Amino acid sequence: MKLDSKIPAGPLEQKWARHIAENRLVAPNNKRKYHIVVVGTGLAGASAAATLSELGYRVTAICFHDTARRAHSIAAQGGINAAKNYQNDGDSVWRLFYDTVKGGDFRAREANVHRLAQVSSGIIDQCVGQGVPFAREYGGLLANRSFGGAQVSRTFYARGQTGQQLLLGAYSALSKQVGAGAITMLPNTEMLDLVVVDGQAKGIVARNLNTGKLERIAADAVVLATGGYGNVFNLSTYARNSNATAIWRAHRRGAGFANPCFTQIHPTCIPVSGDYQSKLTLMSESLRNDGRCWVPKREGDKRRPQEIPEAERDYYLERMYPAFGNLAPRDIASRAAKRVCDEKRGVGESGLGVYLDFSDAINRLGLETIKERYGNLFDIYHEITDEDAYGTPMRIFPAVHYTMGGLWVDYNLMSTIPGLFVLGEANFSDHGANRLGASALMQGLADGYFVIPNTICGYLATQKPGSCPSADGEEFQAAEADVTARIERLLGVRGKRTITDFHKALGRLLWENCGMARKRANLEKAIREIPGLREEFWQDVNVPGEAGNLNQSLERAGRVADFLELAELMCRDALAREESCGCHFREEYEEAGECKRNDQDFAHAAVWEWQGEDKAPVRHTEPLAYEFVKMATRSYK
């Protein structure tokens, strides 16, 4: 497997402009001769499909929902970063770039991150032009607030529903092109395999989720924008249908998978309340602007929060990280919460919780100001817990929230399979070992609106116009046969255990051994046990129904089968990375509870190559060379 990052030469701030100027182009009259299939219609996919279509390419968009408006992108509540320096507090493209590299614990590719910071301002202008209702100051300027890992206010927001509003903007751009007949939209359709012809991605095999019919779709290039794989843990903040199938099937066809163990744990989630839960709910990081995290100082103190005097409270983030306080980065804030709960000072019946208290902010700013800033988030909390967070502190605890790992891509966002491009959370490129808050929306829209339109042309220019293969070709027939065989195998088991039972068992195994903290013995244990669980799945899972109609059990079984393979790779990756960095915290490598990186041996992206079922994957590396910043020990104290 060859890993050529294709990073342009020259000064960091000139790389992107130089790359655009030197990249090969497709003439306007030829663009309509190229067909691009975009899989996923969240922020990255919808923006990419709309923009590529507006440029003149023929686009087919694949959405496994009934509408693109249901994408998990709507769940990003708190905001989107951009280096506009509206607050005049010292922000800049360089500072956003550095905060992102530092926040990722120096495990991201320098050039990609700087490009992200450069195009960030254009995202805000684009979205304002679409009518996204960002919050504004009294004088009319767009408002900003702070997020973790930064000492400036650069986060643009629309109350606590920023992701939804941004998605509606991208959806409007997508719908305009669908209405014009420039995009073929296929809703309720799921990609189940990638078709590779002569070593290049030339289409997909998809299943209509309503009818069960399989469809071969040929294309000149394939764009995957299918989000992250955090549901491998079963309980997470992801939408329940979020999955890894598209990128995992591409991995099995030869696409390198980078840093799969880099899984972000978000510190501000509603704690687990019972085994009946199907997912967890995020309370936006924006709440930590005004909420203060604390636990009782005394072990086992179960008094109501109002009964615990100020002197007996431990505002642990403010104590541990005085420079950043409650806005410490997510990985650090999550481990701090775990630490105080391990000391038996956690709150709630389970002891797995900390308080997020707004009483100081309400006294300082007034109740109406807090309602205006966060009202819908407080409403969500009330609906789930039946508690009034204006009068009683919220209870929160870390949970799986985002995956920084994903398919490896070069500077053009192309994977190790030529013609296969990967955008947003589905790739590995921008966030290193820990994503800063409000950067997911930034990356998704940057990739879709500004990056892929300027890079995919370089590949398409190497393909003869009109050379798209036939969907009746032998490679397409073989891929469809593989999909059919897998479906028949799932339906043919007719075992006794439910799909949910296996997913829960995998989630517990992964969380306990490859969750917030990892160590060699636990990772080795998981690597031994996951293959056994996978074998049990294929021998005893019960998938009711048939293939030729609506069958949500079949959908979920296929996704869990992929999770059972991906989980093992995650543990192998975590075991091989003998250091602590960002969200990857190996207990053997720490200093005073903080990450101890090993830059000499692990300043690289780990890229895994599929070798076949029941065969160990091969680990490759892409060195991460920092020319313009100096790697340093992260400190937020």
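Residues numbered from 1 in each chain as written. Predicted model: local features only at pLDDT ≥ 70, side-chain atom pairs only at ≥ 80, totals over all residues. Heavy atoms only, no water.

Enquirer: Would you mind going over the overall build of the chain with me for this structure?
Expert: Counting its secondary structure elements, the chain contains 17 helices and 21 strands. The C-alpha atoms of the chain give a radius of gyration of 24 Å, which matches the 26 Å a tight globule of 637 residues would have. For the C-alpha atoms alone, the extent of the chain along its principal axes is close to 75 × 60 × 50 Å. Sorting the 637 residues of the chain into buried and exposed places 61% on the buried side. Accessible area of the chain: about 23,600 Å², with a carbon and sulfur share of 47%. Distance between charge centres in the chain, computed from 77 positive and 77 negative side chains, equals 1 Å. (Helix = DSSP H or I, 4+ residues; strand = E, 2+ residues; numbered from the N terminus. Rg over C-alpha atoms; globule rule 2.2 N^0.38 Å. Buried < 20%, exposed > 50% of the residue type's maximum accessible area, 1.4 Å probe, protein only. Areas by Shrake-Rupley, 256 points an atom, 1.4 Å probe, with all protein chains shown as cover. Lys, Arg positive; Asp, Glu negative; His and termini not counted. Charge placed at Lys NZ, Arg CZ, Asp CG, Glu CD.)

Enquirer: Help me understand the side chain of Arg586 in this model?
Expert: Mapped onto the secondary structure, Arg586 falls in the loop between helix H16 (552-576) and strand E18 (590-591). For Arg586, a relative accessible area of 0% gives the class buried. Engagement of the side chain of Arg586 in a polar contact is seen with the backbone oxygen of Arg577, the distance being 3.4 Å. Every residue in contact with Arg586, bar those within four places of it in the chain, is listed here: Arg518, Lys519, Arg520, Leu523, Ala574, Leu575, Arg577, Glu578, Glu579 and Ser580. (Polar contact = N/O pair within 3.5 Å; in protein donor to acceptor, adjacent residues only side chain to side chain. Contact = heavy atoms within 4.5 Å.)

Enquirer: Even after reading the chapter, I still don't get the environment of Ala328, so can you show me in this structure?
Expert: Looking at the secondary structure, you find Ala328 in the loop between helix H8 (316-320) and helix H9 (330-342). On the basis of relative accessibility, which here comes to 0%, the residue Ala328 falls in the buried class. Linking Ala328 and Gly432, residues 104 residues apart in sequence, is a C-alpha distance of 17 Å. When neighbours within four sequence positions are excluded, Ala328 is seen to be in contact with Gly148, Gly149, Arg288, Tyr321 and Ala333.

Enquirer: How should I be thinking about the packing of aromatic side chains in this particular structure?
Expert: A ring pair, where both rings are aromatic, is described by two values, the distance of the centres and the angle of the planes. A full pass over the atoms with the stated rule returns 20 aromatic pairs. Summarising the aromatic geometry, the rings of Phe378 and Tyr390 are spaced 4.2 Å apart at their centres and angled 15° between planes, so their arrangement reads as stacked. One end of the pair, Phe378, is in helix H11 (residues 367-385); the other, Tyr390, is in the loop between H11 and strand E15 (394-403), and twelve residues separate them in sequence. What makes Tyr390 partly exposed here is its relative accessible area of 22%. Here the aromatic rings of Phe421 and Tyr459 are separated by 6.0 Å at their centres, their planes lie at 65°, and the arrangement is edge-to-face. In this pair, Phe421 is assigned in strand E17 (residues 420-422) and Tyr459 in helix H12 (residues 440-460), connecting sequence segments 38 residues apart. You can call Phe421 buried: its relative accessible area is 1%. For Tyr459, a relative accessible area of 7% gives the class buried. Here a set of aromatic residues connected by ring pairs shows up, and it is made of Tyr229, Trp248, Phe257 and Trp610. Lying over the aromatic face of Trp538, Arg489 brings its terminal NZ or CZ to 3.9 Å of the ring centre. (Phe/Tyr/Trp six-rings, centres within 6.5 Å; stacked < 30°, edge-to-face > 60°. Lys NZ or Arg CZ within 6 Å of the ring centre and 35° of its normal.)

Enquirer: Before we go on, may I ask you to explain the nonpolar core in this structure?
Expert: Note that soluble globular proteins tend to have their nonpolar side chains buried in a common cluster. Counting 186 residues, the largest nonpolar core has Ile80, Ile204, Leu224, Tyr316, Met394 and Leu420 as the members making the most contacts within it. Ranked by residues supplied to this core, first place goes to H16 with 13 residues. There are two domains that each give this core at least three residues, and those are domain 1 (265-401) and domain 2 (480-601). (Core = buried A, V, L, I, M, F, W, Y, C linked by side-chain atoms within 4.5 Å. Domains from an automatic or database assignment.)

Enquirer: Explain the packing of helix H15 (residues 520-540) against H16 here, please?
Expert: For any two helices packed against each other, one specifies the inter-axial angle together with the distance between the axes. H16 packs onto H15 with a crossing angle of 160° between their chain directions and a minimal axis gap of 9 Å. As the angle between them shows, H15 and H16 are arranged roughly antiparallel. H16 is crossed by H15, and the crossing has left-handed handedness. Across the interface between the two elements, Arg520, Leu523, Glu524, Ala526, Ile527, Ile530, Pro531, Leu533, Arg534, Phe537 and Trp538 from H15 touch Ala557, Val560, Ala561, Leu564, Glu565, Ala567, Glu568, Cys571, Arg572, Ala574 and Leu575 from H16. Looking at the contact of H15 with H16 residue by residue, the classes come out as 16 nonpolar, no polar and six charged. (Axes fitted to C-alpha atoms, helices over the stretch in contact; angles between N-to-C directions. Parallel < 35°, antiparallel > 145°, perpendicular 65-115°, else oblique. Left-handed = near helix turned anticlockwise from the far one by under 90°. Nonpolar A, V, L, I, M, F, W, Y, C, P; charged D, E, K, R; others polar.)

Enquirer: Looking at this model, I keep getting lost on H11. Mind explaining?
Expert: Residues spaced three or four apart along an α-helix face the same direction, because each turn holds 3.6 residues. End to end, H11 covers just 20 Å across 19 residues, shorter than the expected 27 Å (1.5 Å per residue, more than 12% under). The largest bend in H11 comes to about 80°, at Tyr374. All of the buried residues in H11 are Ile370, Tyr374, Gly375, Asn376, Leu377, Phe378, Tyr381 and Thr385. For H11, the secondary structure elements touched by its buried residues are helix H10 (359-365) and E15. Following H11 by one or two positions, Asp386 has its phi on the positive side, about 60°. (Expected span 1.5 Å × (residues − 1). Bend = angle between axes of the 7 residues up to and from the residue.)

Enquirer: Is there a simple way to think about H9 in this case?
Expert: Look at H9: 18 Å from first C-alpha to last across 13 residues, which is about the 18 Å you get at 1.5 Å a residue. For H9, the set of buried residues is Arg330, Asp331, Ile332, Ala333, Ser334, Arg335, Ala336, Ala337, Val340 and Cys341. As for H9, its buried residues are in contact with strand E11 (263-269), strand E12 (292-296), H8, strand E14 (354-357), E15 and strand E19 (594-595). Taken from the residues just after H9, Lys344 is the one with a positive phi, measuring 65°.

Enquirer: It is not clear to me how the pairing of strand E6 (residues 189-197) should be interpreted in this structure. Could you clarify?
Expert: Consecutive side chains of a regular strand alternate in pointing toward one face of the sheet and then the other. Along E6, eight of the nine residues are buried, which leaves the element largely enclosed by surrounding structure. Pairing of E6 with strand E7 (residues 200-208), which is carried by eight bridges, proceeds in the antiparallel orientation. Note on E7: the bridge partner recorded for Leu194 is Ile204. (Pairing = 2+ DSSP bridges.)

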